[in-house]
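# Structural overview for review
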Amino acid sequence: DQQVKQNSPSLSVQEGRISILNCDYTNSMFDYFLWYKKYPAEGPTFLISISSIKDKNEDGRFTVFLNKSAKHLSLHIVPSQPGDSAVYFCAASAGSSYDKVIFGPGTSLSVIP
Amino acid sequence: GAVVSQHPSWVICKSGTSVKIECRSLDFQATTMFWYRQFPKQSLMLMATSNEGSKATYEQGVEKDKFLINHASLTLSTLTVTSAHPEDSSFYICSARGLAGSGEQYFGPGTRLTVT
């Protein structure tokens with residue numbers, strides 16, 4: 001039973017345009033959400049996070065939106081750059097200790113020059 | 001930023017042998033480290049949570065006698081794959097949790113294990 005879902009396995013975007021990566025979750029106990037970027041044969045790199053008390057968090061070109069009622073979050077990258085091409089994982093955790101982070105299956109983003 | 005290293009980066013071993021993978025937090029102390037494995041084109045699957053000075057907590061379906069985890073210090077955790085089989089071939093990634101109260105984990109570069 002997948003608690004964190006990323007229904008689009010891949011996404012292609014033109015350079016300079018906006019990339020929107022979507023994520024849905026089923027566990028209402030999740031209260032902290034993260035996005036990671038991963039290149040092949042490397043470990044994931046933390047990008048941006050958002051607490052459930054917020055609905056938006058912005059860091060440079062990256063913005064994460066959270067819709068708790070819909071159990072949905074999205075990562076916006078604007079403008080997209082070729083170097084953004086990677087696999088993006090949505091992740092979520094629950095409880096104050098944040099001991100467990102559950103990852104989604106990932107979305108492979110290709111930014112076309 | 002926080003740096004986590006893994007050693008070795010890749011290893012090939014024969015069936016039946018054991019392999020040890022090290023995970024180190026280089027510039028911070030990590031009371032909690034996590035071990036994941038990733039199959040090709042799949043997500044990261046949490047194997048176990050490792051707390052310094054105590055026994056690791058394994059996820060359902062992960063054999064604790066096969067995947068031995070030792071968190072010997074605040075900067076080092078090891079994963080030993082015992083009696084390795086070809087189906088254990090995978091990409092193993094460790095992470096260390098940052099500041100308390102934050103969900104951020106800092107990941108190592110991963111170890112590619114191939115069992116022949």
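These notes cover the structure that comes with them. Bear in mind the structure is a predicted one, so any value in this text is a computation, not a measurement. (Residues numbered from 1 in each chain as written. Chains lettered and ligands numbered in written order. Predicted model: local features only at pLDDT ≥ 70, side-chain atom pairs only at ≥ 80, totals over all residues. Heavy atoms only, no water.)

### A look at the overall build of chain A
Just so we agree on the cut-off: A run of H or I in DSSP counts as a helix once it spans at least four residues, and a run of E counts as a strand once it spans at least two, with each numbered from the N terminus. The quantity called the radius of gyration is restricted to C-alpha atoms. Its globule counterpart is 2.2 Å times the number of residues to the power 0.38. Note on exposure labels: buried denotes an accessible area under 20% of the residue type's maximum, exposed denotes more than 50%, and partly exposed covers the range between, all computed with a 1.4 Å probe on protein chains only. Residues count as neighbours in contact if any of their non-hydrogen atoms are within 4.5 Å of one another. Residue exposure ignores everything except the shown protein chains as possible cover, and the areas themselves are Shrake-Rupley values with a 1.4 Å probe.
Regarding its fold elements, chain A presents zero helices and 11 strands. For chain A, the α and β elements follow one another from N to C terminus as β-β-β-β-β-β-β-β-β-β-β. Its C-alpha atoms give chain A a radius of gyration of 13 Å, within 12% of the compact-globule value 13 Å for 113 residues. Considering only C-alpha atoms, chain A reaches an extent of 40 × 30 × 20 Å along its principal axes. Counting only residues that meet the buried cut, chain A has 42% of its 113 residues in that class. Long-range pairs, those at least 24 residues apart, make up 54% of the contacts in chain A with a sequence separation of at least 6. When the accessible surface of chain A is totalled, it reaches about 5400 Å², and 49% of it is carbon and sulfur.

### Let's talk about the sheet that holds strand β6 (residues 56-59) of chain A
Residue and element names in this part refer to chain A. Selection rule: Criterion used throughout: strands pair if DSSP finds at least two bridges between them.
Read from one edge of the open sheet, five strands run β1-β3-β8-β7-β6, paired in antiparallel fashion. Strands at the two margins of the open sheet, each flanked by one partner only, are β1 (4-5) and β6. In this sheet, strand β8 (residues 72-77) lies alongside strand β3 (residues 19-25) in antiparallel orientation, the contact comprising six bridges. The residue bridging isoleucine 20 from the neighbouring strand is histidine 76, located in β8.

### Things to note about the pairing of strand β9 (residues 90-97) of chain B
Residue and element names in this part refer to chain B. Burial runs high along β9: eight of the eight residues are buried. Judged by which residues are buried, β9 turns out to be covered on both faces: Ser90, Tyr92, Cys94 and Ala96 on one side and Phe91, Ile93, Ser95 and Arg97 on the other are all buried. Inspection of the sheet shows strand β4 (residues 32-38) paired to β9 by six bridges, in the antiparallel sense. Its bridge partner being in β9, tyrosine 36 is matched across the sheet by isoleucine 93. With three bridges joining them, β9 and strand β10 (residues 105-107) adopt antiparallel strand pairing. Opposite alanine 96, over in β10, you have tyrosine 106 as the bridge partner.

### Topic: the layout of surface pockets
This is how it is decided: Whether a set of points on the 1 Å grid over the protein atoms alone is a cavity depends on a 1.4 Å probe fitting there but being unable to get out, while an open set qualifies as a pocket with protein on both sides within 12 Å along at least five of seven lines; lining residues are those with an atom within 4 Å of a point. Grid points are joined across faces, edges and corners, and a volume is the space filled by probe spheres set on the points. Under the convention adopted here, Pro, Cys and the residues Ala, Val, Leu, Ile, Met, Phe, Trp and Tyr are nonpolar, Asp, Glu, Lys and Arg are charged, and Gly plus all remaining residues are polar.
Approximately 690 Å³ is the volume attributed to the largest pocket. What lines the largest pocket is a set of 31 residues, among which A:Gln3, A:Ile102, B:Met45, B:Leu46 and B:Glu59 lie closest to the centre. Elements supplying a minimum of two residues to the lining of the largest pocket: β10 (101-103) of chain A together with β4 and β5 (44-51) of chain B. In the lining of the largest pocket, the residues fall into 15 nonpolar, eight polar and eight charged. The computed volume of the second largest pocket comes to approximately 400 Å³.

### A few points about the pattern of salt bridges
All names here are of chain A. Applied cut-off: We define a salt bridge as a side-chain nitrogen of Lys or Arg found within 4 Å of a carboxyl oxygen belonging to Asp or Glu.
Going through the model one piece at a time under the given rule, you end up with four salt bridges over all chains. The residue lysine 56 makes a salt bridge to glutamate 58 at a minimum N-O spacing of 3.9 Å. For glutamate 58, a relative accessible area of 52% puts it in the exposed group. Between arginine 61 and aspartate 84 there is a salt bridge, with the nearest N and O atoms lying 2.8 Å from each other. With arginine 61 in the loop between β6 and β7 (62-67) and aspartate 84 in the loop between β8 and β9 (86-94), this residue pair connects regions lying 23 residues apart in the sequence. Residue aspartate 84 is classed as buried on the basis of its relative accessible area, which comes to 2%.

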